[in-house]
Amino acid sequence: MKDRMTPAARMTGHTQRGQCAKRMSILEAAAEVFCNQGFAGASIDEIAAKACVSRQTIYNHYREKETLFVAVVEDVMNRANAMLFSMLSTFPDNADNLEDDLTAFVVRLNRNCICNHDGKFLRKLVQMEGERYPHLFESWRQHGPGKLTTALSALFARLAHKGALVIDDFDVAARQFVALGNADLQMTVLFGGMPTDGELEKAARNAVRTFLKAYGRPEAKQASPPPQLAAVSG
């Protein structure tokens with residue numbers, strides 16, 4: 001089959017692909033520089049050198065450093081959100097083995113969304129620049145963390161409707177669930193470390209057990225004696 005594209009169309013397609021590749025190269029280089037130097041310390045010349053483009057090319061695409069910074073945050077956020085919704089699709093749908101299923105879910109969420117490269121990058125930028133340049137993170141605040149708690153709120157409502165949980169305020173429960181899931185990992189992540197599989201499992205198990213003590217069905221709570229009592233009974 002003959003190629004029916006005109007030379008002009010082929011040239012346009014080639015140019016668009018080249019522009020897209022340049023944009024991606026600029027965003028990747030800018031992310032590295034912003035993360036290392038911060039917004040104020042980042043140099044367009046350094047970004048251009050890392051991206052193997054000219055300074056003028058960056059300005060042609062993004063006009064100014066602030067526009068480039070916002071584009072970097074949005075690019076990372078889009079990837080983070082894609083991974084987040086992939087993880088949310090694995091949220092348990094029934095109460096047959098809720099503690100183990102929720103624990104496995106928290107492990108996946110922490111490993112792939114909290115402790116991964118994009119998660120660490122966003123946290124570092126917010127810690128470095130959030131107070132001085134809050135407007136640069138407006139898009140992240142609107143479309144980042146809030147999406148997780150909103151989605152979890154709906155998922156917990158579904159479980160409660162099935163009788164698996166007893167929850168009065170699903171939004172509060174969702175925020176508490178996220179906070180509990182991160183609680184045991186904060187110090188490791190704060191200093192740039194990556195929790196081990198054992199640490200991820202332990203943190204998730206602690207979080208889920210605490211959550212279910214607050215929101216689990218009363219009969220389920222009674223059926224599971226405290227560890228100390230179980231040891232004495234045994």
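Here is a short report on the structure shown in this document. This structure is a prediction, so every number in the text was calculated from the model and none was measured. As a convention, each chain's residues are numbered from 1 in the sequence order in which they are written. In keeping with the predicted nature of the model, local features appear solely for residues at pLDDT of at least 70, side-chain atom pairs appear and are counted solely at 80 or more, and the whole-chain, interface and lining totals rest on all residues. With hydrogens and water set aside, each side-chain value is computed from the structure's full complement of heavy atoms.

### Looking at unusual backbone geometry
Piece 1. Backbone geometry places C52, a non-glycine residue, at a positive phi of 60°.
Piece 2. To qualify as a helix, a DSSP run of H or I must reach at least 4 residues; to qualify as a strand, a run of E must reach at least 2; elements of each kind are numbered from the N terminus. Mapped onto the fold, C52 is located in the loop between α2 (44-51) and α3 (55-62).
Piece 3. Residue C52 is classed as exposed on the basis of its relative accessible area, which comes to 71%.
Piece 4. Backbone geometry at R63 places phi at a positive 70°, although glycine is not the residue there.
Piece 5. Counting through the fold element by element, R63 comes out in the loop between α3 and α4 (65-88). Working definition: with a 1.4 Å probe on protein chains only, accessible area under 20% of the residue-type maximum means buried, over 50% means exposed, and in between means partly exposed.

### Brief notes about the side chain of S153
Piece 1. Its location among the elements puts S153 in helix α8 (residues 145-161).
Piece 2. Only heavy atoms matter for contacts: two residues are in contact if any of them lie within 4.5 Å across the pair. Discounting chain neighbours no more than four positions away, the residues touching S153 are F170, D171 and A174.

### Some thoughts on a nonpolar patch on the surface
Piece 1. Patches here: salt-bridge-free residues with over 30% relative accessible area, like charges joined within 9 Å, nonpolar side chains (Val, Leu, Ile, Met, Phe, Trp, Tyr) joined within 5 Å. Residue-level accessible areas treat just the shown protein chains as cover; the underlying method is Shrake-Rupley with a 1.4 Å probe. For salt bridges, the criterion is a side-chain nitrogen of Lys or Arg within 4 Å of an Asp or Glu carboxyl oxygen. A cluster of nonpolar side chains, contributed by M187, L190 and F191, occupies part of the molecular surface with about 380 Å² of accessible area.
Piece 2. Mapped onto the secondary structure, M187 falls in helix α10 (residues 186-190).

### Concerning the pattern of salt bridges
Piece 1. Counted by the stated rule, this structure contains 11 salt bridges.
Piece 2. In this structure, D75 engages R79 in a salt bridge whose closest nitrogen and oxygen atoms are separated by 2.8 Å. On the criterion of helical spacing, the pair formed by D75 and R79 is a turn pair, its members being 4 residues apart in helix α4.
Piece 3. A relative accessible area of 37% means that R79 is categorised as partly exposed.
Piece 4. Here R79 ties to D118 by a salt bridge, and the two come within 2.9 Å at their closest N and O atoms. One end of the pair, R79, is in helix α4; the other, D118, is in helix α6 (residues 117-129), and 39 residues separate them in sequence.
Piece 5. Residue D118 is classed as buried on the basis of its relative accessible area, which comes to 11%.

Purely geometric stuff here, so don't read any function into it on its own.
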